[in-house]
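Spelled out from the first residue to the last, the chains are:
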Amino acid sequence: MRKSIGFILIILNCFQVFSSEIKTIKKVNNVKEFFAALGHNTEVVITCETLDFTLENLEKELNIEETSEFWASRVDPIKRVPQSYYLDYGIVLYGFNNLTIRGEKNTNIISNDDYRVVLNFKKCNNIVLENLNIYHTPSDSKGGELFVSLSNDIIVNNCAFSGNTVYGVKLIGVNNATFNNCVISNKDFSAISVFNSFGVTFFNCEIYNIGDYGSGLIYADLSSMVFKSCFITSNTSNKFVYGSYKKLYQHPTRFINCNISNNSFNSQNYIDGFTKPVKEKSRDEKRYILFTTFKEVLEESLNSDHDNYNEYLRSFFDENCKITYTESSKVVSNFITYYYHLKGNNAINTYKLENLKTKYVITIETDDNSLIKLNITFNENNKIVKLNEQLNTKTNKG
């Protein structure tokens, strides 16, 4: 009897897992239908030639207004609801799981909005994009085309990012992203920008006609990327691969069986270097690099009048992290809540780091010379799982 019950439970569990992965197919023909069809375990098939994601059209068709996070006007970040969308730096699809967006034929998703992203995913899992041409229509847009942050398991098949923009693809805090048979072209600054992400692969992709306004063709920090059988040609970028911080991995960006030719930069060092055996960095070495980089990003953010690094800061934290500080009566899990608190207190100068084996400490000075200590703990996945604020007495500065 017990064996029978156990067997039945196993069958029911398997059915539940299997059924949760089955996608409901929904065909759409316009912007309204597209956003109405979005949901978990869904495959959205776009039958029209073009979806117009310009700001005016989205506001008109969806009856929504732009909502942006900015520290000076908010005590807390805006609370977003899973399976939702909103306007902030372009249209953002938030908290979707097991979602496919596919053009029945090659569908254009366009925007004419300067400084914005055409398609933006945040806190999503198991996303597939297929048969899409995603681009800005102006000839000199300062935005981007695909931005994915704080997400896992992204697959992009047969897509083109060919508008004249700053970048084609940006990933922040993404685990496992694969691009197959994609084209990235006609960018002023960089083709690809990746920060604090791993398991990123480009297979049989083309990258060409990237300009020299930026520091390089590919921006990669605290990340691991592999390019396989890709064509990288006719680019005038100043550098091939560049980053602002220390390398988390021995060879963060690798090129295997790629055609790299007719570019203004020297790529030979990348091709030669990856045939040699490498020594992986230790856990403590990786954590210290993450710790120091987090400090540098935080310092730059606190000393700025904008919040352009919110997603970069969020990417260092575990989703279930615990943050405690004196002005809050409860534990919070969103670091940006605490970041707004710091910025509101005029924290102006980060100047000391301490590595205490399992804990790391950042000391921040405010404009009244008070000291704030941030005690940081990492988990096994090298994400910050605890941050505890400790206030100290004023410094004695003459």
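Residues numbered from 1 in each chain as written. Predicted model: local features only at pLDDT ≥ 70, side-chain atom pairs only at ≥ 80, totals over all residues. Heavy atoms only, no water.

A word on the overall build of the protein
Alright, step 1. The number of helices and strands found in the protein is seven helices and 26 strands.
Alright, step 2. Here the protein holds 398 residues, and the buried ones make up 51% of them.
Alright, step 3. Pairs at least 24 residues apart make up 61% of the contacts formed inside the protein by residues separated by at least 6 positions.
Alright, step 4. Here the protein displays about 19300 Å² of accessible surface, and carbon together with sulfur accounts for 48% of that area. (Helix = DSSP H or I, 4+ residues; strand = E, 2+ residues; numbered from the N terminus. Buried < 20%, exposed > 50% of the residue type's maximum accessible area, 1.4 Å probe, protein only. Contact = heavy atoms within 4.5 Å. Areas by Shrake-Rupley, 256 points an atom, 1.4 Å probe, with all protein chains shown as cover.)

Quick word on the pattern of salt bridges
Alright, step 1. With the rule as written, the count across this model stands at eight salt bridges.
Alright, step 2. We note a salt bridge from Asp307 to Lys343, for which the minimum N-O separation is 3.7 Å. Residue Asp307 is located in the loop between helix 5 (283-302) and helix 6 (310-314), and its partner Lys343 is located in helix 7 (residues 335-344); the two are separated by 36 residues in the primary sequence.
Alright, step 3. For Asp307, a relative accessible area of 11% gives the class buried. (Salt bridge = Lys/Arg side-chain N within 4 Å of Asp/Glu carboxyl O.)

Structural notes on the environment of Glu380
Alright, step 1. Structurally, the position occupied by Glu380 is in the loop between strand 25 (371-378) and strand 26 (384-392).
Alright, step 2. For the pair Glu380 and Arg283, spaced 97 residues apart in sequence, the C-alpha to C-alpha distance is 9.0 Å.

Notes on empty space enclosed by the protein
Alright, step 1. Considering all chains together, one arrives at one cavity of 30 Å³ or more under this definition.
Alright, step 2. Taken as a whole, the largest cavity holds about 40 Å³ of empty space.
Alright, step 3. Every residue along the wall of the largest cavity is listed here: Phe53, Leu55, Leu58, Leu87, Gly90, Ile91, Ser111, Asp113, Arg116, Val117 and Val118.
Alright, step 4. Those elements that place two or more of their residues in the lining of the largest cavity are helix 3 (55-62), strand 5 (90-94) and strand 7 (117-122).
Alright, step 5. Grouping the amino acids of the lining of the largest cavity by side-chain chemistry returns seven nonpolar, two polar and two charged. (1 Å grid on protein atoms, 1.4 Å probe; cavity = no way out; pocket = protein on both sides within 12 Å on 5 of 7 lines; lining within 4 Å. Points joined across faces, edges and corners; volume = space filled by probe spheres on them. Nonpolar A, V, L, I, M, F, W, Y, C, P; charged D, E, K, R; others polar.)

Here we look at the packing of helix 5 against helix 7
Alright, step 1. In contact at an axis separation of 10 Å, helix 5 and helix 7 are set at 50° when each is read in the N-to-C sense. On the basis of the axis angle, helix 5 is oblique to helix 7. In the crossing of helix 5 with helix 7, the sense of the turn from one axis to the other is right-handed. In this structure, helix 5 contributes Phe294, Leu298, Ser301 and Leu302 to the contact, and helix 7 contributes Phe335, Tyr339, Leu342 and Lys343.
Alright, step 2. When its residues are assigned to classes, the contact of helix 5 with helix 7 shows six nonpolar, one polar and one charged. (Axes fitted to C-alpha atoms, helices over the stretch in contact; angles between N-to-C directions. Parallel < 35°, antiparallel > 145°, perpendicular 65-115°, else oblique. Left-handed = near helix turned anticlockwise from the far one by under 90°.)

Let's talk about the layout of surface pockets
Alright, step 1. For the second largest pocket, the calculated volume is near 1100 Å³.
Alright, step 2. Sorting the residues of the lining of the second largest pocket by element identifies strand 7, strand 9 (144-157), strand 11 (167-180), strand 13 (192-195), helix 5 and helix 6 as the ones contributing at least two each.
Alright, step 3. Ranked by residues supplied to the lining of the second largest pocket, first place goes to helix 6 with four residues.
Alright, step 4. Taken together, the residues of the lining of the second largest pocket break down into 16 nonpolar, eleven polar and eleven charged.

A short note on unusual backbone geometry
Alright, step 1. Of note, the phi angle at Asn98 is positive, near 55°, even though the residue is not glycine.
Alright, step 2. In this fold, Asn98 is placed in strand 6 (residues 97-111).
Alright, step 3. Classification of Asn98 as buried rests on a relative accessible area of 13%.
Alright, step 4. With a phi close to 55°, Asn181 is a non-glycine residue in the positive phi region.

Describing the pairing of strand 9
Alright, step 1. Most of strand 9 is tucked away: eleven of the 14 residues are buried.
Alright, step 2. Where strand 7 meets strand 9, five bridges bridge the pair, whose relative direction is parallel. Paired with Phe121 across the strands is Val148, a residue of strand 9.
Alright, step 3. Of the strand pairs in this sheet, strand 8 (residues 125-136) and strand 9 are connected by five bridges, and their pairing is parallel. When the sheet's bridge partners are listed, Ile127 is paired in strand 9 with Ile154.
Alright, step 4. One ladder, built from eleven bridges, connects strand 9 with strand 11; its direction is parallel. In the strand pairing of strand 11, Val156 is matched with Phe179. (Pairing = 2+ DSSP bridges.)

Some details on the confidence of the model for the protein
Alright, step 1. On average, the protein scores 85 in pLDDT, and the residues at 70 or more come to 85%.
Alright, step 2. The low-confidence segment residues 7-12 (pLDDT under 50) makes zero contacts with residues lying over four places distant or belonging to another chain.
Alright, step 3. Every residue in residues 14-20 is under pLDDT 50, and counting partners more than four places away or in other chains gives two contacts. (pLDDT = per-residue confidence, 0-100.)

What to know about the environment of Ile323
Alright, step 1. Mapping Ile323 onto the fold places it in strand 22 (residues 317-324).
Alright, step 2. Note on Ile323: relative accessible area 0%, which makes it buried.
Alright, step 3. The residues touching Ile323, leaving out its near neighbours within four places in the chain, are Phe317, Lys330, Val331, Val332, Ser333, Asn334, Phe335, Tyr338 and Leu387.

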